[in-house]
Each structure stands twice: as C-alpha cells, then as structure tokens.
Amino acid sequence: MNEPLIRPMALADIEAVMKVETATYTSPWERHIFFQELSQNFHAHYYVLELEGEVIGYAGMWVVVDDAQITNIAILPGYRGKKYGEQLFRFMVGKAVILGAVHLSLEVRVSNHIAQRMYSKFGLVEGGHSQKLLFRQSGRCDCNVGDIEMKNATYILGIETSCDETAVAIVRNGTEIVANVVASQIESHKRFGGVVPEIASRHHVEQITVVLEDAMKQSELNWEDINAIAVTQGPGLVGALLIGVSAAKALAFAKQKPLVPVHHIAGHIYANRLVQELEFPLLALVVSGGHTELVLMKQHGQFELIGETRDDAAGEAYDKVARMLDMPYPGGPHIDRQAAEGKISIDFPRAWLEPDSFDFSFSGLKSAVINTIHNARQRGDRLEKADIAASFQESVVDVLTAKTRRAAELHQVKQVLVAGGVAANRGLRTALEKAFKPMGIPLLIPPVKLCTDNAAMIAAAGTIAYEQGRRAGLELNADPSLSLQ
Ligand code: KG4
Ligand code: ZN
C-alpha cells in the first residue's frame with residue numbers, strides 16, 4: 001500500500017470530505033460550511049489525507065495570530081486505529097507552529113477515549129483555556145476542550161539501576177508520568193537478607209532492554225519525541241550503576257540524544273514534583289536504604305546538604321533490626337506493620353548529637369536493639385517482636401521528625417518534602433503530619449510507588465538538569481559515591 005498523502009483541501013474535495021464528515025459526527029457540517037471555510041475564511045487551513053487516490057480523512061484549523069484551533073479532524077471508519085489520525089494531527093501541529101501559533105486547542109468527545117489518549121500523548125491538557133476557543137460548534141457533541149502549550153512539551157527518558165530495581169520511565173515537562181516501568185529484584189535478594197551486588201548487576205543486564213522497550217511502548221511515543229536521556233550516575237552499587245549508565249550512553253549515541261547525569265537523591269527529591277509543583281526554599285528529608293539526609297533547596301537543581309547520617313541509613317537500620325527479629329528482606333514494611341500492633345514499652349536511645357547538628361546516627365539504636373533481644377533470649381523471656389518494632393520505630397521517627405522540624409523553622413521553608421523508601425513508613429508520615437500541620441507548612445510525601453526507587457523520579461530531576469543545560473559526554477562514568485552538591 002502506498003504512503004498516505006496530506007495535501008490542502010480543494011473545493012473539488014468537498015463531496016469526499018462530506019462522506020468522512022457524515023460518518024464521523026452526529027451533527028455533521030453541511031456542504032456550504034466547507035465551501036465558506038475554503039473560499040472566504042482567511043484564518044482557515046484545511047487538509048485532506050489521501051490514500052491511493054481516495055480521501056480517507058481530513059482536518060481543519062483556524063490560526064489567529066498565535067492561537068490555533070483544530071476545528072475538525074476525522075478519518076473514514078474503515079481506516080481508524082491505523083495511526084492516520086495521529087499523522088494528520090502531527091501535520092496540523094507542525095503547520096500551526098510554522099504559521100506562528102504557540103497555543104493550540106481542540107475539542108474531543110468525552111466518549112472518545114482513543115482520541116483523548118492520542119492527544120494527551122502530544123501534551124494536550126484537558127480543560128485548559130476554554131475561554132480561548134475562537135471557534136466552537138456548540139451542541140455538536142458532548143466535548144472536552146483540550147489545550148496544548150506547544151512550546152513547552154519536553155519528554156525526558158530516565159534510567160535508574162543504582163540498587164535492586166531496573167527502571168525506565170518517560171516524563172513530560174518534568175511533572176507528568178507518561179510511562180513508568182520498574183522491574184524489582186527483591187525476590188532474588190530475599191534469601192540473602194539484603195542486596196547482593198553481583199546478583200543485582202546480572203539482573204540489570206537481563207532486564208534493562210525489556211524494561212526500556214516496555215516503557216517506550218507504554219508511552220506510545222517515538223524516539224524523535226524524546227528530548228534527552230537522563231540516567232542515575234550515582235551514588236549506589238558501582239556494578240549496578242554501570243549497567244544503567246552504559247545503556248544510557250548507548251541510547252544517547254544511537255538515537256543522537258543529549259545525555260543528562262542525575263544524582264539518585266536529586267531523583268528521590270524530585271519524585272515530589274510528579275505530585276505537586278515545588279516552592280522554594282524547601283527542605284527535603286531523604287530517608288532510604290542507603291541515605292538519611294536533610295537537604296535545603298533554594299532553587300531548582302541546587303542542593304545544600306545540611307545534615308546526614310554518620311553511620312547507618314534509616315532504611316538500613318530498619319532492615320537490620322528486621323533481620324534480628326527474623327523478618328524477611330526488606331524489613332522496613334514488616335517493622336512498620338508490627339509497630340502498629342505493638343506497645344512502645346522499651347525506651348531505646350535517641351542520637352540527638354550536638355545541639356545544633358542536623359546529622360543523624362542510628363548505630364547506637366541498632367546496638368541497643370541487639371542487646372535487648374540478646375538479654376531477653378538469655379533470660380528466656382518471651383520476645384515481644386511487635387513491642388520492639390514499635391519502640392524502635394518510635395525512636396527513629398522521633399529523631400527524624402524533631403530534626404526536620406527544627407531545620408524547617410530555622411530556614412523558614414515554604415515546603416517540607418519527604419523522599420526515599422522509608423517515606424512509605426506510616427509512623428513517620430503520621431508524626432510529620434502532626435508536626436507540620438500546626439506550623440502551616442505544606443508537607444509533601446509522594447505515593448509509595450514513587451517513594452521507592454523508580455526512573456520517573458530520575459526523569460523528573462533530569463528535566464530540570466536538561467533545562468539548566470547539564471550534559472555529559474560519552475565518557476560519563478558511574479560514580480558510587482557521587483556528591484549531591
Ligand atoms: O529508596 P529505596 O527504595 O532504595 C534505596 O535507595 O535505598 O528504599 C528502600 C528502603 C529499605 O531499607 C526498606 O526497608 C525501606 O526503604 N522501607 C521502609 C518502608 N518501606 C520501605 N522502611 C520503613 N517503613 C516502611 N513502610
Ligand atoms: Zn533510592
């Protein structure tokens with residue numbers, strides 16, 4: 001079959017166009033409207049899609065100064081679902097840009113989910129500026145009005161392989177997830193009670209291409225839509241990071257895309273931007289299996305580390321304590337569940353450190369838990385796991401909450417963000433909500449899926465880095481101890 005041809009609509013096409021029109025709309029336009037549009041309207045631009053000599057679709061739009069409205073876009077029934085509509089739409093958007101439009105809108109039937117999906121792929125936002133519509137067929141259909149800010153759509157593909165999740169995602173404009181695929185290896189590491197670096201690397205190698213293909217498919221985008229490849233450069237397990245970095249470099253080279261290195265923690269912080277716009281200055285509490293940090297941000301892409309752990313990370317402490325209590329890996333969620341059922345009966349230590357310090361330490365707490373378990377076992381006492389979990393969690397949450405609150409006050413922040421796997425902890429969420437509500441400081445905690453490692457967060461942080469001009473060459477290397485600042 002020949003390639004379809006898109007050409008300007010002529011008066012001689014009206015008969016064929018009427019066929020498409022009546023087959024598409026419940027209240028079709030009459031002939032004379034097309035006649036008027038073609039012969040009298042300076043602003044109108046009409047095109048037909050011709051396949052082997054037959055008109056199988058058409059589209060029309062008005063462009064007035066920098067505003068474009070697509071008035072109609074229709075394909076003959078037998079030819080739908082073959083991307084002809086998409087091709088036509090793409091063409092019209094291209095024309096609109098050339099004619100000077102920076103804003104485009106159109107109406108889509110509420111029931112037409114296929115078209116809505118296609119348009120949202122192009123960045124169409126439902127409901128935008130309906131007052132801007134210059135041309136509207138009232139009563140023609142039950143329609144949604146969508147708008148595109150054509151200048152803004154930036155699609156960043158993110159890759160994350162720093163630990164035990166192989167993840168690829170695509171994010172639009174740094175705020176909307178278009179695709180998000182995560183292949184977790186937790187099952188493979190479970191029997192070892194923690195992540196085994198060699199196993200992690202091998203899984204990443206096996207998974208990365210599959211996950212990448214899944215993400216591209218999920219997004220329904222083409223490679224030419226992607227502006228840049230963002231990848232976690234570090235910190236993390238060096239062998240694991242290397243797989244993601246190599247994949248990103250190969251893609252950047254093959255598809256001729258800019259390569260943008262991203263810090264894993266910047267990713268965790270930017271997971272919040274997928275939920276709500278950030279306001280500065282803000283304070284981020286990053287609590288994961290590898291990190292416990294308080295980060296002050298005065299603007300996009302600028303990170304000031306004001307506190308960090310001097311030994312174990314919060315998640316690491318959770319995992320180790322869980323292991324002592326014979327709970328499976330990762331232990332955080334198990335302790336969290338048990339804690340909800342137990343009593344805070346043991347007064348475990350809290351490492352406040354120097355009075356003005358925002359640093360953390362969890363090794364003393366960990367030792368105290370070990371001692372408690374040993375002593376109980378030696379005495380032959382019954383081990384109340386739930387009580388130990390509740391008391392341990394209380395100690396961790398107390399310190400995290402108090403230090404975060406003091407830092408937020410000191411720096412007069414407009415938002416407090418929580419990021420990383422431990423942000424899923426219910427005890428921590430509740431304590432932080434209780435602390436910040438009376439202070440009137442908005443608390444942002446992403447949904448659990450975005451708290452644990454994923455690539456959408458890398459693409460979100462990568463978007464800012466991309467917009468700020470950060471680029472890496474093909475000599476980019478994984479850096480297991482990359483600094484955030
Ligand atoms: O951010 P993440 O997925 O990976 C790292 O970058 O480390 O965090 C994983 C950590 C694990 O230590 C896990 O036990 C902990 O987050 N975690 C939790 C909870 N869910 C996950 N810790 C406490 N309570 C939870 N509900
Ligand atoms: Zn992480």
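Counting from 1, residues in each chain are numbered in the order their sequence is written. The lettering of chains begins at A and the numbering of ligands begins at 1, in the order of writing. Totals for whole chains, interfaces and linings use all residues, but because this is a predicted model, local features are given only for residues with pLDDT of at least 70 and pairs of side-chain atoms are given and counted only at 80 or more. Water and hydrogen atoms play no part in the side-chain values, which are based on all heavy atoms of the structure.

Asker: Got a minute to help me understand the overall build of the protein chain in this structure?
Answerer: By definition, any uninterrupted DSSP run of H or I lasting at least four residues is a helix, any uninterrupted run of E lasting at least two residues is a strand, and each is numbered from the N terminus. A count of helical and extended segments in the protein chain gives 15 helices and 17 strands. Taking all 485 residues of the protein chain together, 53% fall into the buried category. Accessible area for the protein chain stands at about 21700 Å²; split by element, carbon and sulfur atoms hold 52% of it. Here the positive residues are Lys and Arg and the negative ones are Asp and Glu; neither His nor the chain ends is included. Charge coordinates come from a single atom per side chain, which is NZ of Lys, CZ of Arg, CG of Asp or CD of Glu. Measuring between centres, the 47 positive side-chain charges of the protein chain sit 2 Å from its 56 negative side-chain charges. Accessible area is worked out with a 1.4 Å probe on protein chains only. A residue is then buried under 20% of its type maximum, exposed over 50%, and partly exposed in between. For the area figures, the Shrake-Rupley method with a 1.4 Å probe applies, and any residue is considered shielded solely by the protein chains shown.

Asker: Sorry, what's going on with the coordination of the zinc ion (ligand 2) here?
Answerer: Working reference: metal with six octahedral donors, ideal angles 90 or 180 degrees; metal with four tetrahedral donors, ideal angle 109.5 degrees. The rule for donors is simple: an N, O or S atom within 2.8 Å of the metal counts, and for Na, K and Ca the reach is 3.2 Å. Water is not among the atoms, so a site may look short of donors. Coordination sphere of the zinc ion (ligand 2), protein contribution only: His-264 (NE2), His-268 (NE2) and Asp-453 (OD), at 2.0 to 2.2 Å. A four-donor site is classed as tetrahedral when every donor-metal-donor angle falls between 85 and 135 degrees; four donors are called square planar, and six octahedral, when trans pairs exceed 155 degrees and all remaining angles lie between 65 and 115, with any other arrangement labelled irregular. Note that the zinc ion (ligand 2) binds four donor atoms; their angles at the metal cover 93 to 146 degrees, and the shape is irregular. Each donor residue of the zinc ion (ligand 2) lies on the same chain, and together they follow the pattern H-x3-H-x184-D. One end of the pair, His-264, and the other, His-268, are both in helix H8 (residues 264-270), four residues apart, so they sit about a helical turn from each other. Note on accessibility: His-264 and His-268 belong to one class, buried.

Asker: I would appreciate a short explanation of the sheet that holds strand E11 (residues 228-234) in the present structure.
Answerer: Sheets are built from strands that pair by backbone hydrogen bonding, the pairs being arranged parallel or antiparallel. Whether two strands pair depends on DSSP finding at least two bridges between them. Ordered in space as E10-E9-E8-E11-E12, the five strands form an open sheet in which the pairing is mixed. This sheet does not close on itself; its edge strands, each paired only once, are strand E10 (176-184) and strand E12 (259-263). In this sheet, neighbouring strand axes are inclined to one another by 20 degrees on average, regardless of whether the strands run parallel or antiparallel. With four bridges joining them, strand E8 (residues 155-160) and E11 adopt parallel strand pairing. In the strand pairing of E11, Ile-159 is matched with Val-231. In this description, contact between two residues means that some pair of their heavy atoms is separated by no more than 4.5 Å. In this analysis an axis means a line fitted to C-alpha atoms, helices contributing only their contacting stretch, and an angle means the value between N-to-C directions, from 0 to 180 degrees. Where helix H6 (residues 197-219) meets the sheet, it contacts E8, strand E9 (165-172) and E10, and its direction lies at approximately 25 degrees from that of E9. The sheet contacts of helix H15 (residues 456-467) involve E8, E9, E10, E11 and E12, and relative to E8 the element is tilted by about 130 degrees.

Asker: Would you explain unusual backbone geometry in this entry?
Answerer: Excluding glycine, a negative phi dihedral is what most residues carry, and trans is how most peptide bonds are arranged. Going from Gly-234 to Pro-235, the amide bond is cis rather than trans, its omega being -10 degrees. Here Pro-235 lies in the loop between E11 and helix H7 (238-255). Cis geometry is found at the peptide bond from Tyr-329 to Pro-330, where omega equals -10 degrees. On the secondary structure map, Pro-330 appears in the loop between helix H9 (314-324) and helix H10 (332-341). A positive phi angle, near 55 degrees, is found at Asn-173, a position not held by glycine. Along the chain, the position of Asn-173 falls in the loop between E9 and E10. We classify Asn-173 as buried; its relative accessible area is 17%. Located in the positive-phi region is Glu-220, a residue other than glycine, with phi close to 60 degrees. Structurally, the position occupied by Glu-220 is in the loop between H6 and E11.

Asker: What am I meant to see in helix H1 (residues 14-24) here?
Answerer: Counting along an α-helix, one turn takes 3.6 residues, and residues three or four places apart therefore face a common direction. Residues of H1 that are buried include every one of Ile-14, Val-17, Met-18, Val-20, Glu-21 and Thr-24, and no others. The arc enclosing the buried residues of H1, seen along the axis, measures out at 165 degrees, which places them on a common side. Working definition: the arc comes from the directions between the helix axis and the C-beta atoms, pointing outward to the latter.

Asker: So what exactly am I meant to see when it comes to the sheet that holds strand E13 (residues 282-287) here?
Answerer: Across the sheet, which stays open at both edges, the five strands sit in the order E15-E14-E13-E16-E17 with mixed pairing between neighbours. Here the strands that pair on one side only, and so sit at the sheet edges, are strand E15 (304-308) and strand E17 (443-444). Across the sheet, helix H12 (residues 385-410) is in contact with E13, strand E14 (292-297), E15 and strand E16 (415-419); its angle to E13 comes to roughly 160 degrees.

Asker: Looking at this structure, how should I read the packing of H12 against helix H13 (residues 426-436)?
Answerer: Relative orientation and spacing of two packed helices are given, respectively, by the angle between their axes and the distance between those axes. At their nearest, the axes of H12 and H13 sit 9 Å apart, and the two run at 35 degrees to each other. Judged by the twist between their axes, the crossing of H12 over H13 is right-handed. Residues Gln-393, Val-397, Leu-400, Thr-401, Thr-404, Arg-405 and Ala-408 of H12 form the contact with H13, whose participating residues are Gly-427, Leu-428, Ala-431, Leu-432, Ala-435 and Phe-436. Of the residues belonging to the contact of H12 with H13, the class tally is eight nonpolar, four polar and one charged. Crossings are classed by handedness, with left-handed meaning an anticlockwise turn of the near helix from the far one by less than a right angle and right-handed meaning a clockwise turn. Each residue gets one of three labels, nonpolar for Ala, Val, Leu, Ile, Met, Phe, Trp, Tyr, Cys and Pro, charged for Asp, Glu, Lys and Arg, and polar for the others, Gly among them.

Asker: Got a minute to help me understand the pairing of E15 in this structure?
Answerer: As a general feature of sheets, a regular strand has side chains that alternate between the two faces. In this sheet, E15 lies alongside E14 in antiparallel orientation, the contact comprising four bridges. Its bridge partner being in E15, Glu-293 is matched across the sheet by Glu-308. A loop of six residues connects E14 with E15, the two strands running antiparallel in sequence, and Gly-301 in this loop sits at a positive phi of about 75 degrees.

Asker: Is there a simple way to think about the site of ligand 1 in this case?
Answerer: If a single non-hydrogen atom of a residue is within 4 Å of a molecule or strand, that residue counts as near it. Not every one of the 20 residues close to ligand 1 is listed here, only the nearest: Gly-289, Asp-319, Asp-336, Gly-421 and Asn-425. Pairs of N or O atoms are called polar contacts if they sit within 3.5 Å, as long as, within protein, a hydrogen donor faces a hydrogen acceptor (for residues adjacent in sequence, only side-chain-to-side-chain pairs). In the environment of ligand 1, an oxygen atom lies 3.0 Å from a nitrogen or oxygen atom belonging to the backbone of Gly-332. Contact distances for ligand 1 include 3.2 Å between an oxygen atom and a side-chain N or O atom of Asp-453. Contact with the protein chains hides 89% of the accessible area of ligand 1, taken as 550 Å² for the molecule alone. When its residues are assigned to classes, the shell around ligand 1 shows six nonpolar, eleven polar and three charged.

Asker: When you look at the nonpolar core in this model, what are you seeing that I'm missing?
Answerer: The nonpolar side chains of soluble globular proteins are, as a tendency, buried together. In these notes, a set of buried Ala, Val, Leu, Ile, Met, Phe, Trp, Tyr and Cys residues joined through side-chain atoms within 4.5 Å is what counts as a nonpolar core. Formed by 48 residues in total, the largest nonpolar core has its most connected members in Ile-335, Val-369 and Phe-392. Put simply, the parts of the chain that give this core at least two residues each are E13, E14, H9, H10, helix H11 (363-379), H12, E16 and H13. Considering each element in turn, this core owes the most residues, ten residues, to H12. Apart from residues lying up to four places away in sequence, Phe-392 is in contact with Ala-317, Tyr-318, Val-321, Ile-335, Phe-348, Leu-365 and Val-369.

Asker: Could you clarify how one ought to interpret H15 in this entry?
Answerer: Every helix has an expected span of 1.5 Å times one less than the residues it contains. An ideal rise of 1.5 Å per residue puts 16 Å on twelve residues; H15 measures up with 17 Å between its terminal C-alpha atoms. Across the twelve residues that make up H15, a large majority, eleven, are buried. Ala-456, Met-457, Ile-458, Ala-459, Ala-460, Ala-461, Gly-462, Thr-463, Ile-464, Ala-465 and Tyr-466 are the residues of H15 that are buried. Two residues or fewer after H15 comes Gly-469, characterised by a positive phi angle close to 85 degrees.

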